[in-house]
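Observations on the model geometry
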Amino acid sequence: MKLKLLTTKKEAGDATSFVFEPDTPIEWRAGEYLHYTLPHDAPDDRGTERWFTISSAPLERKIMLTTRFFGDEASSFKKRLFAMKPGDTIEADGLEGDFVIGTSGRDYLFIAGGIGITPYRSMLLDLDGQGKEIKARLLYGNKDEDIVFKDELEEIAARHPDFRIEYFIGSQKIDGEAIQTAAEELSSPIYYVSGPEPMVEAFEEIFKDLGIPEENIRRDYFPGYAI
Ligand SMILES: Cc1cc2nc3c(=O)[nH]c(=O)nc-3n(C[C@H](O)[C@H](O)[C@H](O)COP(=O)(O)OP(=O)(O)OC[C@H]3O[C@@H](n4cnc5c(N)ncnc54)[C@H](O)[C@@H]3O)c2cc1C
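Report follows, based on the coordinates.

Reading guide: rules and limits
Residues numbered from 1 in each chain as written. Predicted model: local features only at pLDDT ≥ 70, side-chain atom pairs only at ≥ 80, totals over all residues. Heavy atoms only, no water. Near = heavy atom within 4 Å. Polar contact = N/O pair within 3.5 Å; in protein donor to acceptor, adjacent residues only side chain to side chain. Areas by Shrake-Rupley, 256 points an atom, 1.4 Å probe, with all protein chains shown as cover. Helix = DSSP H or I, 4+ residues; strand = E, 2+ residues; numbered from the N terminus. Nonpolar A, V, L, I, M, F, W, Y, C, P; charged D, E, K, R; others polar. Domains from an automatic or database assignment. Contact = heavy atoms within 4.5 Å. Pairing = 2+ DSSP bridges. Axes fitted to C-alpha atoms, helices over the stretch in contact; angles between N-to-C directions.

Describing the site of the ligand
In the neighbourhood of the ligand, 21 residues make up the surrounding shell, with Trp 51, Thr 67, Ser 75, Lys 78 and Pro 223 lying closest. Contacts to the ligand include Thr 67, whose side-chain N or O atom sits 2.6 Å from an oxygen atom. When the ligand sits alone it has 970 Å² of accessible area, and the protein chains cover 82% of it. For the shell around the ligand, the leading source of residues is strand E4 (residues 49-53), giving 4 residues. A breakdown of the residues in the shell around the ligand according to their chemical character gives 11 nonpolar, 6 polar and 4 charged. Mapped onto the domain boundaries, the shell around the ligand takes at least three residues apiece from domain 1 (2-96) and domain 2 (108-222).

Structure below.
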């Protein structure tokens, strides 16, 4: 499938969203991801392929990916991606992912580390757009106050009194106590954790200590980012 770049949108900090029109109709579930191939001259050892969560909700119809850019330190893939102009195309395939919400209307405890917020934007817009009640807590850790999707997420929270967001900035850590406190306000929540691989792994011990059963945990690992 070819995706044509329609527009880019600067998000907070070093993050940008890329909005694409697919050349064939595609249906996805909020939280799924795509595999992208972007051939370019002199690729570095990370190569020409990446995976990105679809940060748009299905009801938005357009495919959006949201990622960070580190200027001169960026990979050759990111440099090529960020050089794309409206009308340029990128190849995408392999729609996949089990980091999704079911249809059963459960309570959710979402944990996001930085750009790991992307699947939650899709999920929350999806639930909100379908007029469903959202009973959830979002524990959102970020390196600084430049919080990606802050306004959009807070607009959703304003419409859903049982959906609340708690930010953890800089050295503030999302620890077992924070998770337990948030979970106490929910009824048998499903725990979702999404972010850089080392961060997601760091929650294993916490979940174990809290005695959260494996079947109630969903994980989304983003390789390629330091914690
Ligand atoms: C299923 C799945 C879904 C994913 N979804 C997303 C998504 O929605 N959004 C997304 O961005 N990624 C997502 N990823 C990760 C993505 O595929 C890339 O691995 C990631 O964006 C890193 O890109 P890069 O390798 O091109 O490195 P770059 O982002 O270009 O970074 C290059 C290197 O510089 C380091 N670096 C440089 N400066 C800094 C800095 N200031 N702070 C931190 N690190 C720095 C990085 O850690 C990295 O080692 C997903 C991965 C998977 C498997």
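Still more to cover.
Section: the side chain of Arg 137
For Arg 137, the position within the fold is in strand E8 (residues 136-142). In this view, Arg 137 contacts Tyr 108, Leu 109, Phe 110, Asp 162, Phe 163, Arg 164, Ala 182, Glu 185 and Leu 186; residues no more than four positions away in its chain are not counted.

Quick notes on the sheet that holds strand E3 (residues 33-37)
Read across the open sheet, the 6 strands follow the order E4-E3-E6-E1-E2-E5; overall the sheet is antiparallel. Edge positions in the open sheet fall to E4 and strand E5 (63-68), since each of these has one partner strand only. Averaged over all neighbouring strand pairs, the angle between strand axes comes to 40°, with direction disregarded. Here strand E1 (residues 2-10) runs beside strand E2 (residues 15-22); their pairing, made up of 7 bridges, is antiparallel. In the strand pairing of E2, Lys 4 is matched with Glu 21.

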